[in-house]
Amino acid sequence: MDHHPSDRQIQATYDLAKERYVQMGVDTDRAMATLGQIALSLHCWQGDDVGGFETSGGELTGGIAATGNYPGKARNADELRRDLDMAYSLIPGRHRLNLHAIYAETGGKTVERTELRPEHFARWVDWAKEKHHGLDFNPTCFSHPLSASGFTLASHDPAVRRFWIDHCIACRKIGEHFGQQLGTPCVTNIWIPDGFKDTPADRKTPRELLKDSLDKILAEKIDPRHNRDAVEGKLFGLGSESYVVGSHEFYLGYAITHRLLLCLDAGHFHPTEGIADKISSVLTYLDEILLHVSRGVRWDSDHVVVLSDDVAAIAQEIVRGGFLDRVHIGLDYFDASINRVAAWVIGARSTLKALLVALLEPSDRLRELEISGDYTARLALLEDLKNMPSGAVWDFHCLRQGMPVGMQVMDKIKAYEEQELARRV
Ligand code: RNT
Ligand code: ZN
């Protein structure tokens, strides 16, 4: 049995923490107010292991994998929305939902991905309006017979390319519709699995084909108030270990020349290569970027995000750079071995904690030390900050927003598991 802190304890701990931060020149109220404005984009696919609801739904392909068989996964869109409602009710702030095309609701009819239209997402839009969530979107260029070769937009087969081009065009229009309906731009992110397991003979042609496909997809201009396009590269996937057409450099160049968003997924680089340091570099040339906050363990394993040094560094870079309005923060992981609602909540709360820690830095003082060349004091202060009572501020933030504090989250999740998830057999 967990013994939870009382409101009085949370308040008293916060009052002391606030005094400590004041001594450092940090305004905790301001940090909490800024945090309260940040919208994360929760990925719908954590709720059902990237399954989706296509009538002819097959297995997950594309070199990504969800492992585990924890009971209670959402079997339809109503269950997924119920699970999302539960998750959002445990995360302070107002957050977005990131949908994939395979989460269309077609009323039992088989609708080809090229034929998807806004009407197939009407119930998602109604729900998003009612619950005040912005929507983001993704074409689904995997888990389909026409992606079975491992190639989609970069296929040598023009018919295969055409199919996926048309799918992506349909998706941009759905994104535009989301933006129009909800009054907040939809970020439509293109990720494709295309690549080779073994050493290619020709690295060039697939990239030329991909560029040509993207040009066709993006030919129609869409008002950025409604839809913004992002492209997501990666280094390798399961079955595409030796070569990925859409590499980081490929998409960085494409995004810069076409004024798109670049999506940086934390799991898409070499195992020890972080994305934090890339943020200020790419934002020197791009207006905005999209992040897929994820956690690779030894490979791009998409574990639930935790408050790791990597995630703390990402948050620091966003805050220190003043980039909060230029970075769209999405989550991207899929763990089927634990309670899926908890997976959303833990990952989202950890991402918010990282942002709060970054917002609680005495940024002016750190910069002064750096500019004056006092690297000794800079190091000492950065180390000292790691032990500052940010946890007390986080708990108070949760309390004030009417959200569960600490392990209270698990009481709610366990109750939901008993009442709802356990019945899904
Ligand atoms: C795959 C990419 C991509 C997917 C989602 C489901 O490596 O990270 O973002 O995770 O589209
Ligand atoms: Zn991703």
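Keep in mind that this is a model prediction, so the values were computed, not measured.

Engineer: Looking at this structure, I do not really get the pattern of salt bridges. What am I missing?
Structural biologist: Pairs can form between side chains of opposite charge once their charged atoms are near each other. Across all of its chains, the model carries 32 salt bridges by this definition. One salt bridge connects D78 with R81, and the closest N-O pair in it is separated by 3.1 Å. Of the two residues, D78 and R81 are both situated in helix α3 (residues 77-88); the distance of three residues between them amounts to about one turn of the helix. Between E288 and R228 there is a salt bridge whose closest N-O contact spans 2.7 Å.

Engineer: Sorry, what's going on with the site of ligand 1 here?
Structural biologist: The full set of residues close to ligand 1 is W45, I64, H100, W191, E232, K234, D265, H268, H292, D300, D332 and F334. H100 is positioned with one of its side-chain polar atoms (N or O) 2.7 Å from an oxygen atom of ligand 1. Protein chains shield 99% of the accessible area of ligand 1, which is 310 Å² for the free molecule. In terms of residue class, the shell around ligand 1 is built from four nonpolar, three polar and five charged.

Engineer: Quick question: what am I supposed to make of the coordination of the zinc ion (ligand 2) here?
Structural biologist: Tetrahedral metal sites with four donors have an ideal angle of 109.5 degrees; octahedral sites with six donors have ideal angles of 90 or 180 degrees. Taken together, E232 (OE), D265 (OD), H292 (ND1) and D332 (OD) make up the full set of protein donors to the zinc ion (ligand 2), lying 2.1 to 2.2 Å away. One can describe the site at the zinc ion (ligand 2) as octahedral: its six donor atoms subtend angles covering 72 to 171° at the metal. Each donor residue of the zinc ion (ligand 2) belongs to the same chain, and together they define the spacing E-x32-D-x26-H-x39-D. Taken together, the positions of H292 in strand β9 (residues 289-293) and D332 in the loop between β10 (327-331) and α10 (340-359) put the pair 40 residues apart, joining distant regions of the chain. By relative accessible area, which is 1% here, H292 ends up buried.

Engineer: Mind showing me how you'd approach the nonpolar core here?
Structural biologist: For soluble globular proteins, nonpolar side chains are generally found buried alongside one another. Judged by nonpolar contacts, the single largest core of 125 residues is most densely connected at L99, W124, L153, L214, I289 and L291. At 12 residues, the largest contribution of residues to this core is made by α10. Not counting chain neighbours up to four residues away, the residues in contact with L153 comprise R161, W164, I165, C168, I190, I192, D194, L209, L210, S213, L214 and I217. Counting residues in each nonpolar core, the second largest holds five residues, with V187, A230, L261 and C263 among its members.

Engineer: Which parts of the structure should I look at to understand the packing of aromatic side chains?
Structural biologist: Centre-to-centre distance and the angle between the planes together describe a pair of aromatic rings. Enumeration according to the criterion identifies 13 aromatic pairs in this entry. A centroid spacing of 6.2 Å and a plane angle of 45° characterise the contact between Y88 and W127, whose relative ring orientation is tilted. With a gap of 39 residues between them, Y88 in helix α3 and W127 in helix α4 (residues 122-131) connect regions that are remote in the sequence. Across the pair, W127 and Y88 agree in class, each one buried. An angle of 55° between the planes, with centres 5.6 Å apart, marks the rings of F142 and W191 as tilted. Of this pair, F142 sits in the loop between β3 (135-138) and α5 (158-182) while W191 sits in the loop between β4 (186-190) and β5 (195-196), placing them 49 residues apart in sequence. There is no split in this pair, since F142 and W191 are both buried. Pairwise contacts between aromatic rings join Y88, W124 and W127 into one cluster. A cation over an aromatic ring shows up here: R81 above the ring of W124, its NZ or CZ 4.6 Å from the ring centre. Stacked on the ring of F269, the Lys or Arg K278 has its end atom at 4.6 Å from the ring centre.

Conventions and cut-offs
Each chain carries its own residue numbering, running from 1 in the written order of its sequence. Following the order in which they are written, the chains are lettered starting with A and the ligands numbered starting with 1. Local features in this predicted model are restricted to residues of pLDDT 70 or higher, and side-chain atom pairs are both shown and tallied only at a pLDDT of 80 or more, whereas totals for entire chains, interfaces and linings draw on every residue. Side-chain descriptors were evaluated using all non-hydrogen atoms of the structure, hydrogens and water having been removed beforehand. Put simply, a salt bridge is a Lys or Arg side-chain nitrogen that is within 4 Å of an Asp or Glu carboxyl oxygen. The helix and strand labels rest on DSSP assignments: H or I over at least four residues marks a helix, E over at least two residues marks a strand, and numbering proceeds from the N terminus. Think of it this way: one heavy atom of a residue within 4 Å of a molecule or strand is enough to make that residue near it. In the analysis that follows, any N or O atom pair within 3.5 Å is treated as a polar contact, provided that within protein one partner can donate a hydrogen and the other can accept it, and provided that, for residues neighboring in sequence, both atoms belong to side chains. We get accessible surface area from the Shrake-Rupley algorithm with a probe of 1.4 Å; when it comes to residues, only the shown protein chains can shield them. All amino acids are sorted into three groups, where Ala, Val, Leu, Ile, Met, Phe, Trp, Tyr, Cys and Pro are nonpolar, Asp, Glu, Lys and Arg are charged, and the leftover types, Gly among them, are polar. For Na, K and Ca the donor cut-off is 3.2 Å, and for all other metals it is 2.8 Å, counting N, O and S atoms only; because water is absent from this set, sites may look incomplete. Note on geometry labels: four donors, all angles 85 to 135 degrees, give tetrahedral; four donors become square planar and six octahedral when opposite donors are over 155 degrees apart and every other angle is between 65 and 115; remaining cases are irregular. Under the scheme applied here, a residue whose accessible area is under 20% of the maximum for its type counts as buried, over 50% as exposed, and between as partly exposed, the area being computed with a 1.4 Å probe on protein chains only. Within this scheme, the nonpolar core is defined by two criteria: the residues are buried Ala, Val, Leu, Ile, Met, Phe, Trp, Tyr or Cys, and they are joined through side-chain atoms within 4.5 Å. Contacts are residue-level and defined by heavy atoms, with any inter-residue pair within 4.5 Å sufficient. When two rings of Phe, Tyr or Trp (its six-membered ring) have centres within 6.5 Å they constitute a pair, described as stacked for plane angles under 30 degrees, edge-to-face for angles over 60, and tilted for the intermediate range. Any Lys NZ or Arg CZ that is within 6 Å of a ring centre and within 35 degrees of that ring's normal is treated as a charge sitting over the ring.

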